[in-house]
Amino acid sequence: MDTVTHGLMGGTLVGLATIDPHVDAVTVGFASTMVAASLIPDIDTVLKAKDNATYIKNHRGLTHSLPFTFVIWPLLLATVSNVIFDLDFFHMYLWSLLAVFLHVFVDIFNMYGTQALRFFDNRWIQLGIINTIDIPILILLSLYLVLWAFGFNPVILFFIIYSLLAIYYVMRAMYKRMLMKKVSRLLPNSEILRLFVMPTIKFFEWRIALVTKDKFVVGRAFKTQVVIYDEFDKVGPLEEELYEIVKSNKDFNAFTYFSSIYRYEVTQVDRSHIEVRYIDLRYLQNGHYPFVCIIIINQDTNDIKSSFTGWVFSEEKLQSKVT
């Protein structure tokens, strides 16, 4: 989820903590610790300062893993809150653990997902029923803080709001399941190998991407109507000579590590350079696929002149990244 949503969840945990007689929840120290605990798994965002490839490959990985969720982050936050604010170590460990766990738990419901079971299972858990920024969730969490400020019991309010959130999540899951069945019926004569139905910021608008035996299909669902935008014939694997050049490239490895459904294009740029472009098909927006990996290869020397992977929303800006 986005930073604002995680921060608001930290605020709701402050209200819930008023039930605990061992902590004084409505203090700067406790509230700061809860917000920090709700945000700290995303500290790996600093990897953007190095390069996109490192960030894409590691975001929501190690920092969202089992050891960090249940041991490292709670212990660190409990220690800091104890030293700086003189808060009870054991109870701060428990409240910090709850906040960190909630962060990691809600992140598995969007398409980015997390490696929440890392060290036992390094696969990405991506349930894909909630958009990264979800307006109803933001409204409910904000409403909690407003009603609490107007004197409502924060503990009772917490269970009401989170019960509504649970119902909302179930509704989203059911809606996605219905759309997946509809898409499957839309292509009855095709063997669907992989199917992605992904949320957008709009409740009734979902992205669709699928792979059959011989093609890629990209579209959107508007309420119960499915619209197909693009179809691409599947081609064989990248030519062996080109693959040997790109296979060790960090941008290529980051892209293929993260992307679940993609195609590639090879284009002659000029007499001595070719472009190999990998395109993630999950994020079509306004006729453009913004998440790509682009590699420029010098044919005279058979090495990589430049490369880039990441989110770019115009062709002009993308070309500026590799020139």
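Parameters at a glance
- Residues numbered from 1 in each chain as written.
- Predicted model: local features only at pLDDT ≥ 70, side-chain atom pairs only at ≥ 80, totals over all residues.
- Heavy atoms only, no water.
- Pairing = 2+ DSSP bridges.
- Helix = DSSP H or I, 4+ residues; strand = E, 2+ residues; numbered from the N terminus.
- Axes fitted to C-alpha atoms, helices over the stretch in contact; angles between N-to-C directions.
- Contact = heavy atoms within 4.5 Å.
- Buried < 20%, exposed > 50% of the residue type's maximum accessible area, 1.4 Å probe, protein only.
- Arc of directions from axis to C-beta.
- Polar contact = N/O pair within 3.5 Å; in protein donor to acceptor, adjacent residues only side chain to side chain.
- Phe/Tyr/Trp six-rings, centres within 6.5 Å; stacked < 30°, edge-to-face > 60°.
- Lys NZ or Arg CZ within 6 Å of the ring centre and 35° of its normal.
- Patch = residues over 30% accessible without salt bridge, like charges linked within 9 Å, V, L, I, M, F, W, Y side chains within 5 Å.
- Areas by Shrake-Rupley, 256 points an atom, 1.4 Å probe, with all protein chains shown as cover.
- Salt bridge = Lys/Arg side-chain N within 4 Å of Asp/Glu carboxyl O.

J.: Looking at this model, I keep getting lost on the sheet that holds strand 6 (residues 273-280). Mind explaining?
T.: With antiparallel pairing, the 4 strands of this open sheet are ordered in space as 5-6-7-8. At either end of the open sheet lies a strand with only one pairing partner, and these are strand 5 (262-268) and strand 8 (303-311). Adjacent strand axes in the sheet meet at a mean angle of 15° when their direction is disregarded. Bridge analysis of strand 5 against strand 6 gives 7 bridges, and the strand direction is antiparallel. Within strand 6, the residue paired with Glu 265 across the bridge is Arg 277. In the packing of helix 9 (residues 250-258) onto the sheet, contacts are made with strand 5, strand 6, strand 7 (291-298) and strand 8, and the angle to strand 7 comes to roughly 150°.

J.: Can you help me understand helix 9 in this one?
T.: Each turn of an α-helix holds 3.6 residues, which means side chains three or four residues apart point in the same direction. When helix 9 is considered as a whole, its buried residues turn out to be Asp 251, Phe 252, Ala 254, Phe 255 and Phe 258. Seen along its axis, helix 9 keeps its buried residues to an arc of 165°; they face one direction. Two or three places before Asp 251, at the opening of helix 9, Asn 249 has a side-chain oxygen 3.0 Å from that residue's backbone nitrogen.

J.: Is there a simple way to explain the environment of Ala 209 in this structure?
T.: Secondary-structure assignment places Ala 209 in strand 2 (residues 205-212). Considering only alpha carbons, one finds Ala 209 and Thr 114, 95 residues apart in sequence, at a separation of 20 Å. Not counting chain neighbours up to four residues away, the residues in contact with Ala 209 comprise Arg 194, Leu 195, Phe 196, Met 198, Val 217, Ile 261, Leu 281 and Arg 282.

J.: What is the right way to read the side chain of Ser 259 from this model?
T.: Within the fold, Ser 259 resides in the loop between helix 9 and strand 5. A distance of 2.7 Å separates a polar atom in the side chain of Ser 259 from a polar atom in the side chain of Asp 280. In this structure Ser 259 touches Asp 280, Arg 282 and Phe 291, once residues within four positions along its chain are discounted.

J.: Where do I start with the packing of aromatic side chains in this structure?
T.: Two numbers describe a pair of aromatic rings. These are the distance of the centres and the angle of the planes. Tallying each qualifying case throughout the model produces 30 aromatic pairs. Here the guanidinium or amino end of Arg 118 rests over the ring plane of Phe 119, the centre of that ring lying 5.9 Å away. The ring centre of Phe 232 lies 4.0 Å from the NZ or CZ of Arg 263, which sits over that ring.

J.: Explain the environment of Tyr 262 here, please?
T.: By the secondary structure assignment, Tyr 262 is in strand 5. Take Tyr 262: its relative accessible area is 30%, and that puts it in the partly exposed class. Leave out the neighbours within four places in its chain, and Tyr 262 touches Phe 216, Phe 255, Thr 256, Tyr 278, Ile 279, Asp 280 and Leu 281.

J.: Looking at this model, I keep getting lost on the pairing of strand 2. Mind explaining?
T.: In terms of residue burial, strand 2 counts as a mostly covered element, since 8 of its 8 residues are buried. Side chains Glu 205, Arg 207, Ala 209 and Val 211 project from strand 2 onto one buried face, and the interleaved Trp 206, Ile 208, Leu 210 and Thr 212 project onto a second face that is buried too. Judged from the 7 bridges that link them, strand 1 (residues 192-199) and strand 2 form a sheet pairing that is antiparallel. Its bridge partner lying in strand 2, Ile 192 is registered against Thr 212. Taking the residues that link successive antiparallel strands as the turn, the strand 2-strand 3 (residues 215-222) hairpin has 2 residues.

J.: In this structure, what is going on with a nonpolar patch on the surface? I would like to understand it.
T.: Taken together, the side chains of Phe 70, Val 71, Ile 72, Leu 75, Phe 89, Phe 90, Leu 94, Phe 101 and Phe 105 define a hydrophobic patch exposed on the protein surface, amounting to about 760 Å² of accessible area. The set of elements that each furnish at least two residues to the nonpolar patch consists of helix 4 (66-85) and helix 5 (89-107). For the nonpolar patch, the leading source of residues is helix 5, giving 5 residues. The residue Leu 75 is located in helix 4 in this model. Residue class for Leu 75 comes out partly exposed when judged on its relative accessible area of 35%.

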